[in-house]
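The primary structure of each chain is shown beneath.
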Amino acid sequence: MKKLIPSIIFIFSLVAVFNACDTTPPLEKLGDVVSAKYNPTTKSFVVTYSSGTEKTFAAVVDTKNDPPTASYALDDKTYLYVADATVAGDATISTDVNRVSQFVYDGLSLYYLWADNMTNKKPTLKDVDPEKYFESVLYSLDTQHGWSWMTDDAEGLMAEFSGESTSSFGFAPFVLWTDNTKTQLVAFVRYVFPNTPASEAGLTRGDIITKIDGQNITLSNYMKVYGASSAVTFTVYDQHMQNAKQLSITPRTVNTDPVLFSKIYEIGGKKIGYLFYTDFISDYNQSLYNAFSAFKQAGVTDLVLDLRYNHGGAVTAATYLSSLIAPRSAVQNKSVFTIMSYNNTLNTYFDRQGWSRSDSLGVYDKTESNPLDANLDLSKIYIIATGSSYSASELTTFCLAPFMNVIHIGENTGGKFTASWTLHAYKSFPDKNENNRAIPIYDEADLTASEKTKLANWAMQPIVAKYTDKDNNSFESPGYLVPDYAVPTEEYNPATWVPIGDTSDYLFAKAISLITGQTLSATRSVPATRMVDANLFSPRGEKIKESVNLDNIKLSPQDIKNIRELLQKN
């Protein structure tokens, strides 16, 4: 034991020496964090304190993200973060929970269809990226389908929902891989809106875009076919992949009327009304009325509604359109058209208030024409719907069925049986009819100027309901609509495409043959090679196809407080 004493004394001496040499003050004496810089080479943060001291901390790099992120928790009150761990620069210093992430939690815990899933998922200091936090708390079924989303351009979102597109060319591209190697993309032009940069440049349905500004189309530049901030030159071939030309198109803000084409045909003793509808946008309900007025005045006996490329949109547009189609008695009686089922808290609140959770036929806004005046009083309708028909297209097809014979021609639909609200921190964005286009989460008076600035541009579009028909039937299983008459697609073969409304169109020809009993010759052929759907969409198309947009909800600040109190009690 005596031999150990000198060793112990020596060790204590070394510790004393090392402690004497360590001149770095303890954290409480370093002062506040003044700045933090990230070094991608060393994968570390260099933190400067108010005392003037600098300290280096090894970053935690998350390579699961693209690009990888880097972070470090200094303590339970300070968190360092950079969104791209490959780039040097200033780090975000988080000392409070991100205000937008808190908005996400507060909104989803109130209105999300799966609000029960938000338990124990409050944001922390580490949730500095609100979009990643949003994605991390979504319900598994929602994540699987990609239904809910958020944006940092709330004003742009409202414009898109009203049919206004900024930096737009005015045509609808269908983007595909040229083959299974998935290295090069092309874009088929599905249709072109009139009086737009695309129509003025001479772009037409069936044209094939192969290059953008002389470069092959890839994942890095394909978004330019949907719009750009300046002029773009497209290399364009005709539908037979011949006669290449260069088209320079300058984008601008355009308003796109979704009633793209309507016409009356007299075939086989029948008067057939045909309507090609691109989107469910309630701002253009008058265009629907005008088309159906012409149908009614002409004595149309049969109707073909073409929704083959319609990704959906607003429930008010779907209800208005259906009020022009359904039997007159159902519209006069304001029969229930579709029913919404929300989360338990919202269902309870709506029911206690005596509010309807349904949308009814024959209901229209004060600035709109009465749909009864143009109602066709039909007992049967032929609807063209494909895998590119989503949300409000499916709602219209499915919820008309209890009232009339709906003949679905085409393919299985895209599959969206859910509905969403636009959520904003404090704005409701009322439309001309005083309908709320967004639901506020907070009373604006309760927010500071700083909070309003941080939250102003953000909005969410979460799933808040599932819809059924008037009899509470749904198509949740199998999750899509199956056609009564399946028609092999020609959408991958533009050589067979004809102008919208041409009676030789393969889908329209099928509808005409069912109406008249006559077999029409449809343009069909087998392409030498079939291209591969890239499953890529425009930002707006991606958004509206995810769910039916409930654009007619009116909740006051007091309602919001009451719902929050009800949630806390439950």
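Just above sits the structure.
Below is a short write-up of the structure. What you see is a predicted model; the values in this text were computed from it and never measured. (Residues numbered from 1 in each chain as written. Predicted model: local features only at pLDDT ≥ 70, side-chain atom pairs only at ≥ 80, totals over all residues. Heavy atoms only, no water.)

Focus: the overall build of the protein
Short version of the rule: Secondary structure follows DSSP: runs of H or I at least 4 residues long count as helices, runs of E at least 2 residues long count as strands, and numbering of each begins at the N terminus. The buried label goes to any residue with under 20% of its type's maximum accessible area, the exposed label to any with over 50%, and the partly exposed label to all in between, with areas taken from a 1.4 Å probe on protein chains only. Only heavy atoms matter for contacts: two residues are in contact if any of them lie within 4.5 Å across the pair. Using a 1.4 Å probe, the Shrake-Rupley method yields the accessible areas, and only the shown protein chains count as cover for residues.
Within the protein, the secondary structure is distributed over 16 helices and 32 strands. Principal-axis analysis of the C-alpha atoms gives the protein an extent of 115 × 65 × 45 Å. Residues counted as buried form 53% of the 570 residues belonging to the protein. In the protein, 70% of the contacts between residues at least 6 apart in sequence involve partners at least 24 apart. Summed over its atoms, the accessible surface of the protein is roughly 25600 Å², and 48% of this surface lies on carbon and sulfur atoms.

Some thoughts on the sheet that holds strand β2 (residues 44-49)
Rule in force here: We call two strands paired when DSSP finds no fewer than two bridges between them.
Strand order in the open sheet formed by 4 strands is β3-β2-β1-β7, with antiparallel pairing between adjacent strands. Both outer strands of the open sheet, β3 (54-58) and β7 (89-90), are each paired with one neighbouring strand and no more. Across 6 bridges, strand β1 (residues 33-39) lies against β2 in antiparallel orientation. When the bridges of β2 are listed, Lys37 appears paired with Val46.

Some points on the sheet that holds strand β30 (residues 485-486)
What the 6 strands build is an open sheet, ordered β18-β19-β20-β23-β24-β30; its pairing is mixed. Looking at which strands have only one partner, the edges of the open sheet turn out to be β18 (259-267) and β30. Relative to β30, strand β24 (residues 405-410) runs parallel, the two sharing 2 bridges. Within β30, the residue paired with Ile409 across the bridge is Tyr485.

As for the packing of aromatic side chains
Put simply, the test is: Classification of ring pairs rests on two measures: the distance between centres of Phe, Tyr or Trp rings, Trp counted by its six-membered ring, which must be within 6.5 Å, and the angle between planes, read as stacked under 30 degrees, edge-to-face over 60 and tilted in between.
Enumeration over the complete set of coordinates arrives at 30 aromatic pairs. With a centroid separation of 4.3 Å and an interplanar angle of 35°, the aromatic rings of Tyr274 and Phe508 are classed as tilted. Placement of Tyr274 in strand β19 (residues 270-277) and of Phe508 in helix α14 (residues 506-516) is noted, with a sequence separation of 234 residues between them. What makes Tyr274 buried here is its relative accessible area of 1%. Note on Phe508: relative accessible area 1%, which makes it buried. A ring pair is formed by Tyr342 and Trp421, whose centres lie 5.5 Å apart and whose planes are at 45°; its orientation type is tilted. Highlighted residues: Tyr342 in the loop between β21 (336-341) and α11 (344-353) and Trp421 in the loop between β25 (418-420) and β26 (423-424), separated in sequence by 79 residues.

Some details on unusual backbone geometry
Trans is the prevailing form of peptide bonds, just as negative phi is the prevailing case for residues other than glycine. Pro67 follows Asp66 through a cis peptide bond whose omega is 5°. Looking at where Pro67 falls in the secondary structure, it is placed in the loop between β4 (60-62) and β5 (69-75). Residue Ser477 is joined to Pro478 through a cis peptide bond whose omega torsion reads 15°. Mapped onto the elements of the fold, Pro478 is located in the loop between β29 (463-469) and β30.

Looking at helix α12 (residues 392-400)
The element α12 is extensively covered by neighbouring structure, given that 9 of its 9 residues are classed as buried. Taken together, the buried positions of α12 are Ala392, Ser393, Glu394, Leu395, Thr396, Thr397, Phe398, Cys399 and Leu400. As for α12, its buried residues are in contact with α9 (315-325), β21, β23 (380-385), β24, β29 and β32 (548-549).

Let's talk about the nonpolar core
Short version of the rule: The definition of a nonpolar core used throughout is a set of buried Ala, Val, Leu, Ile, Met, Phe, Trp, Tyr and Cys residues joined through side-chain atoms within 4.5 Å.
In this structure, Phe103, Tyr111, Phe292, Tyr342, Trp421 and Leu550 are the most contacted members of the largest nonpolar core, which totals 89 residues. Setting aside its immediate chain neighbours within four residues, Phe292 contacts Leu275, Leu303, Leu321, Leu324, Ile325, Ala374 and Leu376.

A closer look at the environment of Val406
Here Val406 is to be found in strand β24. Residue class for Val406 comes out buried when judged on its relative accessible area of 12%. Once residues lying within four places of it in the same chain are set aside, the contact partners of Val406 are Ile381, Ile383, Thr397, Leu400, Ala401 and Asp484.

Looking at a negative patch on the surface
Short version of the rule: The residues that make up patches have over 30% relative accessible area and no salt bridge, and they are joined within 9 Å when like-charged or within 5 Å when they are Val, Leu, Ile, Met, Phe, Trp or Tyr. What makes a salt bridge here is a side-chain nitrogen of Lys or Arg within 4 Å of a carboxyl oxygen of Asp or Glu, nothing more. This count recognises Lys and Arg as positive and Asp and Glu as negative, with His and chain-terminal groups excluded. Charged side chains are reduced to one point each, which is NZ for Lys, CZ for Arg, CG for Asp and CD for Glu.
A contiguous patch of negative charge, built from Glu131, Glu135, Asp152 and Asp153, is present on the exposed surface. With respect to the helices, strands and loops of the structure, Asp152 is situated in the loop between β9 (149-151) and α6 (154-161).

Considerations on helix α3 (residues 99-111)
Going by this rule: Take the residue count of a helix, subtract one, and multiply by 1.5 Å to get its expected span.
Here α3 spans 18 Å end to end across 13 residues, near enough to the 18 Å set by a 1.5 Å rise per residue. For α3, the buried fraction is high: 12 of the 13 residues fall into the buried class. Every buried residue of α3 is accounted for by Arg99, Val100, Ser101, Phe103, Val104, Tyr105, Asp106, Gly107, Leu108, Ser109, Leu110 and Tyr111.

A look at the pattern of salt bridges
Going through the model one piece at a time under the given rule, you end up with 13 salt bridges. In this structure, Arg308 engages Asp306 in a salt bridge whose closest nitrogen and oxygen atoms are separated by 2.8 Å. Take Arg308 and Asp306: they sit in the same class, and that class is buried. Of the charged contacts, one joins Lys470 and Asp471 as a salt bridge, the two residues approaching to 3.2 Å between their closest N and O atoms. By relative accessible area, which is 31% here, Lys470 ends up partly exposed. Taken together, the shared-partner salt bridges connect Asp306, Arg308 and Asp505 into one network.

Concerning the packing of α3 against helix α4 (residues 130-137)
Rule in force here: For helices, the fitted axis covers only the stretch in contact; all axes are lines through C-alpha atoms, and the angles between them, taken along N-to-C directions, range from 0 to 180 degrees. Angles are sorted into four bins: roughly parallel if under 35 degrees, roughly antiparallel if over 145, roughly perpendicular if 65 to 115, and oblique for all others. Each crossing gets its handedness from the near helix: less than a right angle anticlockwise from the far helix is left-handed, clockwise is right-handed. Under the grouping applied here, Gly and all other residues not named as nonpolar or charged are polar, the nonpolar ones being Ala, Val, Leu, Ile, Met, Phe, Trp, Tyr, Cys and Pro and the charged ones Asp, Glu, Lys and Arg.
It is at 8 Å that the axes of α3 and α4 come closest, and there the two elements cross at 30°. As summarised for this structure, α3 and α4 are arranged roughly parallel, according to the angle between their axes. α3 and α4 meet at a crossing whose hand is right-handed. Contacts between α3 and α4 pair Val100, Ser101, Val104, Tyr105 and Leu108 from the former with Pro130, Tyr133, Phe134 and Val137 from the latter. Residues of the contact of α3 with α4, tallied by class, amount to 8 nonpolar, 1 polar and no charged.

Looking at the packing of α11 against helix α16 (residues 557-569)
Where α11 contacts α16, the axes come no closer than 10 Å and their chain directions differ by 125°. Accordingly, the angle class assigned to the pair α11 and α16 is oblique. Every pair of crossing elements has a handedness; the one defined by α11 and α16 is right-handed. Contact residues: Thr345, Leu346, Thr348, Tyr349, Arg352 and Gln353 in α11; Asp559, Asn562, Ile563, Leu566 and Leu567 in α16. A class-by-class count of the residues in the contact of α11 with α16 yields 5 nonpolar, 4 polar and 2 charged.

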